Amino acid sequence: MSEPEKKEVSDKEKETAKQDEKEKDTAQGGKKTPLGDKAKPGSGKAKPGSGKRSGTPSKGNKGAADKGRATPKGNAKAKTKEDVKAPTPVPAGETEEEDEGLPEGCTPLFMSTKSQEIYSCVCDTDVTEDNPIKVIMKSDIMEDFRMRAAVCDFHPVKQDVQDFPSDEIVIVYDPDFKFGQNFYIALTEEAKDKILNPLGPEGEGGEGGAAAQEEEVVYKYTPPESKEWVSQGSEKEIKEENVVENRRRIKISARRIRKEFGAPCNFKDRNVADAKDAYIECTAYDDRTYDLKRVELDKGVQAVPELIEQGTNTDWRYPRNANTQYYPREYSETEKETVEKSTDLQTFAKDMVPRFELALQQNEIMDVFYIDWLHLGDADGSFGNKADNHLKEYQSFTDLQFSKDRTITAIQWHPTIKGVVAVAVAEKLSFDERIDHCAKVIMTPSLILIWSFTDPIHPQLLLEAPDDIYSFQFSPSDPNIICGGCYNGQVVLWDISAHADRLKQQRGNNRNKKSNVLPGFEDPNALKTPVVRYCAVSSIENSHRAAITDIQWVPDHMELNRMGVPQENRSLQCCQIMTCATDYSVLVWDTRPAKGPGQIITTKESDKGPKNPIGVPNTFKHLDLSWKPILKVTLHKSEPGGDHSPTKFTIQEKQGDRGSLGKAMDGVDTSKDPAMGGGYYTKPGSGKDKRTLQSVKTHFYVGTEDGEIVYVDWMPQKDQDTGKIQTPKPDFYHSIHDGPISTLQRSPFFKDVVLCIGGWTYTLWKESVNSGPILQSSASTVKLSAGHWSPSRPGVFYIAKVDGSVDVWDLLDKTHEPCMTQNVSPVPITSLYPFPVSQKQHLMAVGDSAGTLHILEIPWSLRQPTANEYTGISNYFEREVKRRAFVVSRWDFRELEKREIEQEHKRKMGIAPNIQLSEEEIEYRQKQEYAAYVDEENSFLRELGLKDDDEPLPET
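Quick caveat, the model's predicted, so the values are computed rather than measured. (Residues numbered from 1 in each chain as written. Predicted model: local features only at pLDDT ≥ 70, side-chain atom pairs only at ≥ 80, totals over all residues. Heavy atoms only, no water.)

1. Notes on the overall build of the chain
Turning to step 1, where the next piece is worked out: Within the chain one finds 17 helices and 39 strands.
Turning to step 2, where the next piece is worked out: In the chain, which comprises 956 residues, the proportion classed as buried is 35%.
Turning to step 3, where the next piece is worked out: The contacts in the chain between residues at least 6 apart in sequence include a share of 65% that link residues at least 24 apart.
Turning to step 4, where the next piece is worked out: Carbon and sulfur atoms provide 51% of the accessible area of the chain, an area that totals close to 63,000 Å². (Helix = DSSP H or I, 4+ residues; strand = E, 2+ residues; numbered from the N terminus. Buried < 20%, exposed > 50% of the residue type's maximum accessible area, 1.4 Å probe, protein only. Contact = heavy atoms within 4.5 Å. Areas by Shrake-Rupley, 256 points an atom, 1.4 Å probe, with all protein chains shown as cover.)

If you want it as structure tokens, here you go:
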């Protein structure tokens, strides 16, 4: 640097020093900093103004930075002597009040009395306000995780504890609940060192630490100012650092013999293993002798992009149609014979036959069209291992207040929000016990608990019902609408749209959240689980006379009129519900208003009018206490002696399968209101503009309380005997099971295959087979309580038993016994529901009679279908149908053989055999009987004087 430049820099440094002295005098003459703002050494958070100075560097420093030379801490703000202010003395008799926050790397932790005893950190005994620090071994916490799982108080910070590098974890007792809990835990090594050594290495000497505490440092922030660019020579350094060619380029000369130029090349195929120079592989290896000394480099760069303007232009060619026509080139007969007899063709065929056979063998061994990229997710590194073949305990839910000592009657996963599951709980009382303890039953709330994986201790929502719920279901088109069936036979509707955001919150968002309210004015109900009251209930006079055991939403693409005729639903919103109870009937309910023209009632319009004082939405206000079914299906028996008592039913149409609509979807407005359920309440019109769905099958299966399977048509017909419009008698019914039907479900892959569980056996039915089930299991040693098809494998289904175990059946493996049995609960299991959370994780919800909901993770082998499993199961069902037809034909043959033997026996005994009349003889006899009847009628009318001989009878 030249002498003028040095002089200029020194003058600027002097000006900067004078300016800093003025700022120092101004700071000392200003208001003194209160002692309460003094930063405490060792605290985790720095106070505002106690950080490092964040100003622009001085001009002298600017030159150093301009040269590209880095200080030890880069552009960190350094503390200077001018920034230090004398400490303010503390008056006598006053104490220092320190407003410190939660140290960095720490989090509040609540420890119950049981956990304090386990870790020997009982409050005010093992840890006190004077000695609040406790060191706990990490191995003890991991052992507690294994023993108590989610009940462990360290479960909220489980992942942080597992990732903690040291074997000792520090917790600090917080007697005043300054940070919201009675303890806080250090989750980083820096936080642990600050807690154990609050004064740092300088405070160990005594005097140095005291001097650091008494010294008060005040920093002043100087905002940066924009200044003109002054060249200090940095552009020269950048230019010097540019890469410039300063060495001669390497020249390579290639020579070849003159006669080889232009010579023809003969290429041929050869095996790489035949010659040494055919293939050279350079594999990577670690060179131990390699040594490279890293040289420290001083570089500079200036990021100024170069602007380049470019343009292009394309020739626009007018599109036009073009075609061509050609004739195939064919050999003549003479040419064909010449080619076939040529030696070249024969030689070529002989040479190619071995290679062709090898290619065919390779195609048989492996699939050449197999796309590896699409099957990368099937590797062992996904959820679970392929070797795992048992159900793993993933989570468990129970509430000491609402679900303890109560049985779980139904389970439903939320259709759209992952990790949310709802369960219905009921009292474990018989009908007589309910009557004896009616006062207790009335005072006990009937609830549906909605759990979320984000909070395994407290339910997210509580749905209140007039009586215990035995079946419920989310609406497929609007998950915020829930229907349920009560023990007293009423149908209930809930609308949880106001609480939908609560279910979507992440872990801890609704709890442990500090509220900015004044002390003493906290809302005691802020963290309580909200209770949602039902917004509509059916009329008790028009409801079932017994407990509703099954309830289902009619698919959104269809609806039933009052005559049971299936019609298309143009709104594509679920608006009808089917229920069954043991009062011999299946009812169909419509959630839309009964009268008025077809129009859409939005949620905003339905909320108009006076608000309900208890916050119940007006979504179904038009149905409350006046709701009536639009269709009643009575299950009469084919012979006298009572009716069937249904417990479960299933229809062939399923949600999402809109193949029955056909071309009716063209021109249909499927748009929805932005609000939840905006197009949900479509009033039914006259039905003239709705098309009847001819392909919808109106027959459905019903399981009864006596273990019978009934196949009946829900469309009422005119009775030939009485002339009344009523439900026809069942097409067939079979008494197969030895107990009430607890599960009746169609396969998600074959809509005509039905799984039925009742008593001690299970059966599989096919809709086209009326003679009986295509598969029937042997009687189990333990009573079966529930079952469900696998959502991903066509041949797998799960069956729960009253001994607390779950059987897994795989029809491809074996059909005479389950492929796996696993114990889940010590009490009887009442219901189970597998659900695909994602493509790589399937969970199963299992409810027992003790009120506990178990969440099990399904292993890879039970969620991943095998190759051609669908085809194999389909072929198996077809074979069983043929076997069933063969059994029926053998029954008919044996019956005919039995009649022939009886006739032969009667012939030998001298008894006249029964004469079999032909159709002509039967018709002739009927005509004779009718003529005799007419003559007798005429004579009777003549005796009464109502008819003359010449007057003809009126024709009927």
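2. Focus on the sheet that holds strand S30 (residues 753-758)
Turning to step 1, where the next piece is worked out: Read from one edge of the open sheet, four strands run S29-S30-S31-S32, paired in antiparallel fashion. Edge strands, defined here as strands with exactly one partner in the open sheet, are strand S29 (741-746) and strand S32 (775-776).
Turning to step 2, where the next piece is worked out: Judged from the two bridges that link them, strand S31 (residues 761-766) and S32 form a sheet pairing that is antiparallel. Residue pairing across strands places threonine 763 opposite glutamine 776, the latter belonging to S32. (Pairing = 2+ DSSP bridges.)

3. A closer look at the packing of helix H9 (residues 333-341) against helix H10 (residues 343-365)
Turning to step 1, where the next piece is worked out: At a minimum axis separation of 5 Å, H9 and H10 run at an interaxial angle of 50 degrees. In terms of their interaxial angle, H9 and H10 are classed as oblique. On H10, the residues that touch Val339, Glu340 and Lys341 of H9 are Thr343, Leu345 and Gln346.
Turning to step 2, where the next piece is worked out: Here the contact of H9 with H10 is composed, by residue class, of two nonpolar, two polar and two charged. (Axes fitted to C-alpha atoms, helices over the stretch in contact; angles between N-to-C directions. Parallel < 35°, antiparallel > 145°, perpendicular 65-115°, else oblique. Nonpolar A, V, L, I, M, F, W, Y, C, P; charged D, E, K, R; others polar.)

4. Some details on helix H16 (residues 869-909)
Turning to step 1, where the next piece is worked out: Its 41 residues give H16 an end-to-end C-alpha distance of 60 Å, which sits within 8% of 60 Å, the value for a rise of 1.5 Å per residue.
Turning to step 2, where the next piece is worked out: Within H16, the full set of buried residues consists of Glu869, Ile873, Tyr876, Phe877, Glu880 and Arg884.
Turning to step 3, where the next piece is worked out: Check the buried side of H16 and you find it contacts S30, S31, S32 and strand S34 (796-801).
Turning to step 4, where the next piece is worked out: Glycine 910 lies just past H16 and shows a positive phi near 85 degrees. (Expected span 1.5 Å × (residues − 1).)

5. So, the pattern of salt bridges
Turning to step 1, where the next piece is worked out: Tallied over the entire structure, the rule returns 21 salt bridges.
Turning to step 2, where the next piece is worked out: When the shortest N-O distance is used, the salt bridge between aspartate 752 and lysine 766 registers 2.8 Å. Pair noted here: aspartate 752 is in the loop between S29 and S30 and lysine 766 is in strand S31, with a separation of 14 residues, a long-range link.
Turning to step 3, where the next piece is worked out: Residue class for lysine 766 comes out buried when judged on its relative accessible area of 15%. (Salt bridge = Lys/Arg side-chain N within 4 Å of Asp/Glu carboxyl O.)

6. Examining unusual backbone geometry
Turning to step 1, where the next piece is worked out: At serine 120, a position not held by glycine, the phi torsion is positive, near 55 degrees.
Turning to step 2, where the next piece is worked out: Relative to the helices and strands, serine 120 is located in the loop between helix H3 (113-119) and strand S2 (133-137).
Turning to step 3, where the next piece is worked out: The backbone phi angle of aspartate 405 is positive, close to 60 degrees, even though this residue is not glycine.
Turning to step 4, where the next piece is worked out: If you trace the backbone, aspartate 405 turns up in the loop between strand S5 (392-397) and strand S6 (407-413).

7. Concerning the packing of aromatic side chains
Turning to step 1, where the next piece is worked out: The tally for this structure, following the rule as stated, stands at 21 aromatic pairs.
Turning to step 2, where the next piece is worked out: Their ring planes at 85 degrees and their centres at 5.4 Å tell us that phenylalanine 750 and phenylalanine 877 sit as a pair that is edge-to-face. Residue phenylalanine 750 is found in the loop between S29 and S30, and its partner phenylalanine 877 is found in helix H16; the two are separated by 127 residues along the sequence.
Turning to step 3, where the next piece is worked out: Looking at phenylalanine 877, the relative accessible area reads 3%, which means it is buried.
Turning to step 4, where the next piece is worked out: Look at tryptophan 789 and phenylalanine 797: their rings are 5.4 Å apart centre to centre, the planes differ by 70 degrees, and that puts the pair in the edge-to-face class. Here tryptophan 789 matches phenylalanine 797 in class, with each residue buried.
Turning to step 5, where the next piece is worked out: Through successive ring pairs, a cluster of aromatic residues spans Tyr394, Phe397, Trp413, Trp451, Phe453 and Phe835. (Phe/Tyr/Trp six-rings, centres within 6.5 Å; stacked < 30°, edge-to-face > 60°.)

8. Side note on a negative patch on the surface
Turning to step 1, where the next piece is worked out: On the surface, a cluster of negative charge is contributed by Asp124, Glu129, Asp130 and Asp176.
Turning to step 2, where the next piece is worked out: Within the secondary structure, aspartate 130 is located in the loop between H3 and S2. (Patch = residues over 30% accessible without salt bridge, like charges linked within 9 Å, V, L, I, M, F, W, Y side chains within 5 Å. Lys, Arg positive; Asp, Glu negative; His and termini not counted. Charge placed at Lys NZ, Arg CZ, Asp CG, Glu CD.)

9. What about a nonpolar patch on the surface?
Turning to step 1, where the next piece is worked out: A surface patch of nonpolar side chains, about 400 Å² in accessible area, is lined by Tyr331, Val339, Leu345 and Phe348.
Turning to step 2, where the next piece is worked out: Among the secondary structure elements, phenylalanine 348 is positioned in helix H10.

10. Here we look at the side chain of aspartate 495
Turning to step 1, where the next piece is worked out: You can see aspartate 495 is positioned in strand S12 (residues 491-495).
Turning to step 2, where the next piece is worked out: By relative accessible area, which is 9% here, aspartate 495 ends up buried.
Turning to step 3, where the next piece is worked out: In terms of polar contacts, aspartate 495 uses its side chain to reach the side chain of serine 497, at 2.6 Å.
Turning to step 4, where the next piece is worked out: Other than its neighbours up to four places away in sequence, aspartate 495 contacts Asn480, Ile481, Val532, Cys535, Pro617 and Thr619. (Polar contact = N/O pair within 3.5 Å; in protein donor to acceptor, adjacent residues only side chain to side chain.)

11. Focus on the sheet that holds strand S11 (residues 481-486)
Turning to step 1, where the next piece is worked out: Strand order in the open sheet formed by four strands is S10-S11-S12-S14, with antiparallel pairing between adjacent strands. Each edge of the open sheet is held by one strand with a lone partner, namely strand S10 (469-474) and strand S14 (536-537).
Turning to step 2, where the next piece is worked out: The pairing of S10 with S11 spans five bridges and is classified as antiparallel. Considered in S11, the bridge of isoleucine 469 is made with cysteine 486.

12. Remarks on the pairing of S30
Side chains on a regular strand alternate between the two faces of the sheet.
Turning to step 1, where the next piece is worked out: In terms of burial, S30 is largely enclosed, as six of its six residues are buried.
Turning to step 2, where the next piece is worked out: Here S30 shows a buried face lined by Val753, Leu755 and Ile757 and a second buried face lined by Val754, Cys756 and Gly758.
Turning to step 3, where the next piece is worked out: In the sheet, S29 pairs with S30 via five bridges, with the strands oriented antiparallel. Residue pairing in the sheet places arginine 746 in a bridge with valine 754 of S30.
Turning to step 4, where the next piece is worked out: Between S30 and the antiparallel strand that follows it, S31, lie two residues; glycine 759 among them carries a positive phi value of about 70 degrees.

13. Notes on H10
Think of an α-helix as turning once every 3.6 residues; residues three or four places apart then point the same way.
Turning to step 1, where the next piece is worked out: When the terminal C-alpha atoms of H10 are compared, their 34 Å separation across 23 residues agrees well with the 33 Å that a helix rising 1.5 Å per residue should span.
Turning to step 2, where the next piece is worked out: The sharpest bend along H10 reaches about 35 degrees and sits at methionine 352, with the proline proline 354 one to four residues further on. (Bend = angle between axes of the 7 residues up to and from the residue.)

14. Side note on the confidence of the model for the chain
Turning to step 1, where the next piece is worked out: Confidence along the chain averages 78 in pLDDT terms, with 77% of residues attaining 70 or more.
Turning to step 2, where the next piece is worked out: When the criterion is pLDDT under 50, residues 379-384 qualifies, and its contacts beyond four places in sequence or with other chains add up to 10 contacts. (pLDDT = per-residue confidence, 0-100.)

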